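Given next are the chains, with one letter for each unit.
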Amino acid sequence: MNKLTLLLYPLFTVIGLTSCSADNSAKPSANANANANRYIGVSTVGNPVMPREVCRLEFPKVKGGSSMIIVHKALLNKRTGERGVNYCTEWDTSKKSLRWSCYQMYQGISKTLVKRYRSSTNQYPYDESIPTAYQFDGDPFWRTGYDHGHICPSADRLGSKEANIQTFYLSNMMPQTHAFNDGVWKNMEAQVRLWSLDDTCDTLYVCKGGTIDNPRQILTTLGQGLIVPKYFFMAVLCKNKRGYKALGFWVRHEDNGDTSLSKYVVNIRELEKKTGIDFFCNLPDAIERKVETLPVEKVRRAWRLP
């Protein structure tokens, strides 16, 4: 069985509250900042209220309210035996939609060691970590004309069968037109993979999703209540020996096969304004301000996008 960490917040009678530190741990640090996520200890019934993983650098500020954080753990590299966090998702129980999925990319986790998951009977499994009350009955994408758009991509998790299957959970899917999913979105994902394999990048921290909160940023709502975002986004943070750099992609959800991606680049501060999501909140304040406010032309140069 896959090892999953599940939480639904808020819960009651919480004991223990610790800020995140900048090194992905949950220990207090002089570098911790005011807007970092908080690891909340355990309740009196022994259930985790917020997992330690929310302190990882790929995490944005969690929204709370009707949301739940899902942490998927798996074998990440069948050759080395590395196990750990595969990806994490914020699932809105009232909207029955993910808000984002976030994950890390580095040399060991990006190896292609297995084939893409295929099933004739259960291609898009239910996420058993989500109570059935907060999921749709059946597959809400069926016969809608929309693709099951991966947010954590299958191609980013080919280190083991277990890790790859988890990317096909319905909780990691958002509706996308085929020409978008197989076009500009696919091209953006391919570019992120290239960056992850670059020797100048130690780790990429990635957060991706679609707009579900602002009614003006929703394209339509399908029969069962499935939200179709009007925009999709990616926030990418690179850590290397020189420090950090960050980039955002913001793209309208429409048929688009564009291979020239620089026009979709925004800095993180602009992406935060567009989405209402506070990305990379676990960075120390000084680093966060620097990487998030770099003028967009300098962002393009830093990531070598013409």
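Residues numbered from 1 in each chain as written. Predicted model: local features only at pLDDT ≥ 70, side-chain atom pairs only at ≥ 80, totals over all residues. Heavy atoms only, no water.

Digging into the pattern of salt bridges
- Within the structure shown, the criterion is met by 16 salt bridges.
- The salt bridge involving E254 is made with R252; its shortest N-O contact spans 3.6 Å.
- Judged by relative accessible area, which is 39%, E254 ranks as partly exposed.
- Bridged by salt links that share partners, the residues E90, D92, R99 and D213 form one connected network. (Salt bridge = Lys/Arg side-chain N within 4 Å of Asp/Glu carboxyl O. Buried < 20%, exposed > 50% of the residue type's maximum accessible area, 1.4 Å probe, protein only.)

What about the pairing of strand β14 (residues 243-252)?
- Sheet analysis places strand β13 (residues 231-240) next to β14, joined by 10 bridges and oriented antiparallel. Within β14, the position partnered with C238 by the bridge is K245.
- Hairpin connection between β13 and β14: a loop of 2 residues separates the two successive antiparallel strands.
- When β14 meets strand β15 (residues 265-266), the two strands line up antiparallel, connected through 2 bridges. Residue G248 lies in a different strand from β15, and its bridge partner there is V266. (Pairing = 2+ DSSP bridges. Helix = DSSP H or I, 4+ residues; strand = E, 2+ residues; numbered from the N terminus.)

Some thoughts on helix α4 (residues 268-275)
- Taken as a whole, α4 has its buried residues at I268, L271, E272 and T275. Buried residues along α4 cover an arc of 105° about the axis, so they all sit on one side.
- Phi turns positive one or two residues past the end of α4, at G276, with a value near 75°. (Arc of directions from axis to C-beta.)

What to know about unusual backbone geometry
- A positive phi angle, close to 50°, is found at F280, a residue other than glycine.
- Within the element layout of this structure, F280 appears in the loop between α4 and α5 (285-292).

Overview of the side chain of E272
- Relative to the assigned elements, E272 resides in helix α4.
- By relative accessible area, which is 12% here, E272 ends up buried.
- In terms of polar contacts, E272 uses its side chain to reach the backbone amide nitrogen of F279, at 3.0 Å.
- Sequence-distant contacts of E272, defined by excluding residues within four places in its chain, comprise I277, D278, F279 and E292. (Polar contact = N/O pair within 3.5 Å; in protein donor to acceptor, adjacent residues only side chain to side chain. Contact = heavy atoms within 4.5 Å.)

Thoughts on the packing of aromatic side chains
- In the structure shown here, the tally under the stated rule is 11 aromatic pairs.
- Ring centres of Y231 and W250 lie 4.6 Å apart, and the angle between their planes is 15°; this geometry places the pair in the stacked category. In this pair, Y231 sits in strand β13 while W250 sits in strand β14, placing the two residues 19 residues apart along the sequence.
- Relative accessible area serves as the criterion here: at 12%, W250 is assigned to the buried category.
- Considering the side-chain rings of F279 and F280, the 6.4 Å spacing of their centres and the 50° angle between planes classify their relative orientation as tilted. Like F280, F279 is buried.
- Grouping aromatic residues by their ring pairs yields a cluster made of Y117, Y124 and F168.
- The side chain of K245 reaches across the aromatic face of W303, ending 4.6 Å from its centre. (Phe/Tyr/Trp six-rings, centres within 6.5 Å; stacked < 30°, edge-to-face > 60°. Lys NZ or Arg CZ within 6 Å of the ring centre and 35° of its normal.)

Bear in mind that shape data such as this cannot, by itself, settle questions of function.
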